[in-house]
Amino acid sequence: MEVPTSSSCCVPRRMLKDCTNIGPLSGLCRAHEMEYCDMMEDMLRFIKQTAADDLWLPADPTELGLFPVEGSIQLEIPVSEFRKADVLPIQLARCTCTKAFRNSSARKEWVCFQTGGEERYGDLRGQAVARLLALLKIRNVLSEAAGVYRLALVRVLDPIKGGRFHMASGHIRVGKRSTGRDMRIVGIGAVIGQRYVIPSGERKWIVNHRIDLQTFNDIY
Amino acid sequence: MPILLVALLVVPPKFSGESARTHEAQRQTNADVLRTVFDLVLGPLQQVVQEGMVMDCADGKTGLCFPILSGLNADHAKHGALHGVGSKSCPKCEVPCKEHGGNLLKMYETGDYILYGSKVLRPEPVEAARIPECFHPLGVKIGNNVFAGLDRVNPAHLHKPDLLHNIYLGLFKQMMDWVEGFLKQPKQQQAFEDHWKEILPYPGLSVPKKADREVTQWQGKERRNLGRCISAILASALRNPDSSQYHDFTSSMQCVSVLVDLSLMAQYHSHTPDTPVYMERYPQTFHRTKKIFLECRTSKATRAEANFQDRDLRELMATQRANEVRQNTAAKHRPQVDQERLERASHCTELIRRKNHFNFIKMHSLSRFASDGRHFGSIWMYSTEIGEQAHMEQIKESYRRSNKNEAARQILSQ
């Protein structure tokens, strides 16, 4: 049984593509050159947050570390075309970890996901901008009722000046967190779509909301 | 939108500079031939407009229909040729050339080609001598409008907004020149080019393979892509202004941003009551901030005049200095030379500021985007991109497939 990643059964779901079996969670950490304890900490936090809704994964690190994990390099996100409700083009958010992609550098693309109400993050309206660090599929083999979780490990950026538009440039700026953990695991259903960011100095980026009509209309 | 290839027209020779004046007769012949060809093409339509035609309707019924020519999708050069107006004149309204970049909210009288024609055919005795003077500021060439005789058609209303030539290939091209001129400091230039080269892939965005200065010919699609990124790249390149630069940087970013916003909103396939209001505000903001790029609008002629005046001034100052040099010491001489240099630079800047302007036809077209959005519902559907694409498929591809012997017949038969 698969965990639904979208509220409506009519809307196409987000999907992980090019999955490869990489063994337990420690294998994924090795492939992505990450600390296992950090990854486990993020997993446990994710389980804790989602426990109220449905407890499909155990909160015991030992059990969790034994579950088979599949890694993926791309996430298919159906996004709505601007003012065309019946057209849902697919965006491919890629995360190749350290591997080169099509004879160019490794890809870790930028996405946004809904973190709360629209009152958060100023003009971003509750959408957090984050970089994909890993895409994974984890299967709970201990319980028959449990299914497959499709997850994304992301590095979340914080909006600068409360996510309000910069007066001069008319852009929203985001930056790396100076305190606390910035890595987070989210279900792929929470990922809304890709975002286009341009580096703007040390640990800061500009969110380019003029990249397409839908984004221009959403963030305005 | 189906596009049918009806005829291939022979392109007449182009004239420029001196040859334009010497070949006036040939120019008139070209205009006459064009008019004859269009009479031939539009003749059957005229008959249908008068008598009507039974046609199948979308609801399955048949009705007596009167198909009326309602628009002409073409770039400004073709509009000029078919409406019989100069290259610097508006085929739609009576805006003088010197006011193209002026107040973008000011509305001008719509051109009345039928009235122009009647004025020439039946001139009042007092007006007869003044006809050339009357039409010269409007750039109208009397008798050259190929649509003037059509029933139920106002030639001025045939003009439609064109995103491809007006915004992407027109204003965005100008905007890039302004931005390049504005980024004088090597550090900012380098930052801009670095960001340009590092444009990341995104759905629907083709990543440029060359720096913007290295591209010799831009396609409309590439310019449209440029519009999606330019404001963010510029904002990143100008991110650390000092107090003296802050105002200039802010103005330049605002100016670029509103042009991009206008282009994006013009791409909307439908409009709400609010969006045309935004489209009115953007040109106003542009009008308020555009003077930051005034120095970048220097034409070759203005540059030559500035150099000429600078040379004259330098010689004059050198003569004056030669007369005074016997009385001055070397210590006094150096500050005087510096002072003269500053004066000359100030004089040159003043001349350039006085001569430069934003009076070009594509700037004037911006003022109509809001009203066109209200009237037509969508500006995007009138873009000549569709026609250019059809030209590629129907003519260029067909020509490649032909045996190159009497290719026109083979192109039309495919």
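A quick note: this is a predicted structure, and the numbers were derived from the prediction, not measured.

Here is what the cut-offs are and how they apply
Position numbers for residues start from 1 in each chain and track the written sequence from start to end. As a convention, the first chain written is A and the first ligand written is 1, with the rest following in written order. Only residues with pLDDT of at least 70 get local features here, since the model is predicted, and only at 80 or more are side-chain atom pairs given and counted; chain-wide, interface and lining totals rely on the full set of residues. By convention in this description, side-chain values take in all heavy atoms of the structure and omit both hydrogens and water. By definition, any uninterrupted DSSP run of H or I lasting at least four residues is a helix, any uninterrupted run of E lasting at least two residues is a strand, and each is numbered from the N terminus. Given the number of residues in a helix, its expected span is that number minus one, multiplied by 1.5 Å. Residue burial is assigned from relative accessible area. The probe radius is 1.4 Å, only protein chains are included, and a residue is buried under 20% of its type maximum, exposed over 50%, and partly exposed in between. Residue contacts are defined here by distance: any two heavy atoms, one from each residue, within 4.5 Å place the two residues in contact. Lining residues are defined by having an atom within 4 Å of a point belonging to a cavity or pocket. Those points lie on a 1 Å grid over the protein atoms alone, cavities being sets where a 1.4 Å probe fits but cannot get out and pockets being open sets with protein on both sides within 12 Å along at least five of seven lines. Grid points are joined across faces, edges and corners, and a volume is the space filled by probe spheres set on the points. In this scheme, strands are said to pair when DSSP sees at least two bridges between them. Where helices are involved, their axes are fitted lines through C-alpha atoms of the stretch in contact, as for all axes, and angles between N-to-C directions lie from 0 to 180°. Think of it this way: a Phe, Tyr or Trp ring, Trp meaning its six-membered ring, pairs with another when their centres are within 6.5 Å, and the plane angle makes it stacked under 30 degrees, edge-to-face over 60, tilted otherwise. The start and end points of each domain follow an automatic or database-based domain assignment. Note: buried area is the sum, over both parts, of the accessible area (probe 1.4 Å) each one loses when the two are combined. Here the angle decides the label: under 35 degrees means roughly parallel, over 145 means roughly antiparallel, 65 to 115 means roughly perpendicular, and every other value means oblique. Here is the rule for handedness: rotate from the far helix to the near one, and if that takes an anticlockwise turn smaller than a right angle the crossing is left-handed, while a clockwise turn gives right-handed. Gly is put with the polar residues, along with every residue not named as nonpolar or charged; the nonpolar set is Ala, Val, Leu, Ile, Met, Phe, Trp, Tyr, Cys and Pro, and the charged set is Asp, Glu, Lys and Arg.

With 15 residues, helix H11 (residues 275–289) of chain B should reach 21 Å at 1.5 Å per residue; the first-to-last C-alpha distance of 21 Å fits that figure. For H11(B), the full list of buried residues reads Thr275(B), Pro276(B), Met279(B), Tyr282(B), Pro283(B), Thr285(B), Phe286(B) and Thr289(B). Where H11(B) is buried, its residues meet helix H4 (213–218) of chain A together with helix H7 (163–182), helix H10 (246–266), helix H14 (361–366) and helix H15 (369–376) of chain B.

Moving on: the layout of surface pockets. Leftover empty space is mapped by rolling, across the atoms, a probe with the size of a water molecule. Space inside the second largest pocket adds up to approximately 960 Å³. If you trace the second largest pocket, you find 38 residues lining it, with Glu81(A), Phe82(A), Asp212(A), Leu213(A) and Gln214(A) closest to the centre.

Before going further, it helps to examine the pairing of strand E6 (residues 110–114) of chain A. Within a regular strand, side chains alternate between the sheet's two faces. Residues and elements named next belong to chain A. Of all 5 residues that make up E6, 4 are buried, and the element is covered over most of its length. Relative to strand E7 (residues 127–139), E6 runs antiparallel, the two being bridged by 5 bridges. Bridge pairing in E7 links Gln114 to Gln127. One ladder, built from 3 bridges, connects E6 with strand E12 (residues 191–194); its direction is antiparallel. Opposite Val111, over in E12, you have Gln194 as the bridge partner.

Another point: the pairing of strand E2 (residues 62–65) of chain B. All names here are of chain B. Bridge count for strand E1 (residues 53–56) against E2 is 4 bridges, and the pairing is antiparallel. What sits directly across from Val54, in E2, is Leu64. In this structure, the hairpin formed by E1 and E2 is closed by a connection of 5 residues, where Gly60 is found at a positive phi of approximately 90 degrees.

Once that is clear, we can look at the sheet that holds strand E14 (residues 204–207) of chain A. Residues and elements named next belong to chain A. What the 4 strands build is an open sheet, ordered E9-E10-E14-E13; its pairing is antiparallel. Single-partner strands in this sheet number two, and they are strand E9 (158–159) and strand E13 (197–199). Bridge count for E9 against strand E10 (residues 172–175) is 2 bridges, and the pairing is antiparallel. Directly across from Asp158, in E10, lies its bridge partner Gly175.

Residues and elements named next belong to chain A. Reading across the sheet, the 3 strands line up as E1-E4-E5 and stay open at both edges, with antiparallel pairing between neighbours. Every other strand in the sheet has two partners, leaving strand E1 (15–17) and strand E5 (90–94) as the edge strands with one partner each. Neighbour to neighbour, the strand axes of the sheet diverge by 30 degrees on average, direction disregarded. Judged from the 3 bridges that link them, E1 and strand E4 (residues 74–78) form a sheet pairing that is antiparallel. Across the sheet, Leu16 pairs through a bridge with Leu75, a residue of E4.

What follows is about the packing of aromatic side chains. One pass over the structure, following the stated rule, counts 15 aromatic pairs over all chains. Aromatic pair Tyr196(A) and Tyr202(B): ring centres 5.6 Å apart, planes at 85 degrees, arrangement edge-to-face. With Tyr196(A) in the loop between E12 and E13 and Tyr202(B) in the loop between helix H8 (186–197) and helix H9 (220–237), the pair connects residues from two separate chains. Exposure remark for Tyr202(B): the relative accessible area of 6% places this residue in the buried category.

This brings us to the domain arrangement of chain B. Residues and elements named next belong to chain B. According to the domain assignment, chain B consists of domain 1 (22–49 + 67–159), domain 2 (163–296 + 359–365) and domain 3 (300–322 + 335–355). Computed over C-alpha atoms only, the centres of domain 1 and domain 2 are separated by 33 Å. Contacts between the two partners involve 18 residues from domain 1, matched on the other side by 12 residues from domain 2. Summed over both partners, the interface of domain 1 with domain 2 comes to about 1,100 Å²; 67% of that surface belongs to carbon and sulfur atoms. Broken down residue by residue, the surface that domain 1 buries against domain 2 is led by His100, Gly101 and Leu104, which jointly contribute 46%.

A word on the packing of H9(B) against H10(B). Residues and elements named next belong to chain B. For the pair H9 and H10, interaxial distance at closest approach is 9 Å and the crossing angle is 165 degrees. Taken together, the axes of H9 and H10 lie roughly antiparallel to each other. Along this stretch, H9 crosses H10, giving a crossing that reads as left-handed. Every residue of H10 that contacts H9 at Gly227, Ile230, Ser231, Leu234 and Ala235 is listed here: Ser252, Met253, Val256, Ser257 and Val260. Across the contact of H9 with H10, the residue classes tally to 6 nonpolar, 4 polar and no charged.

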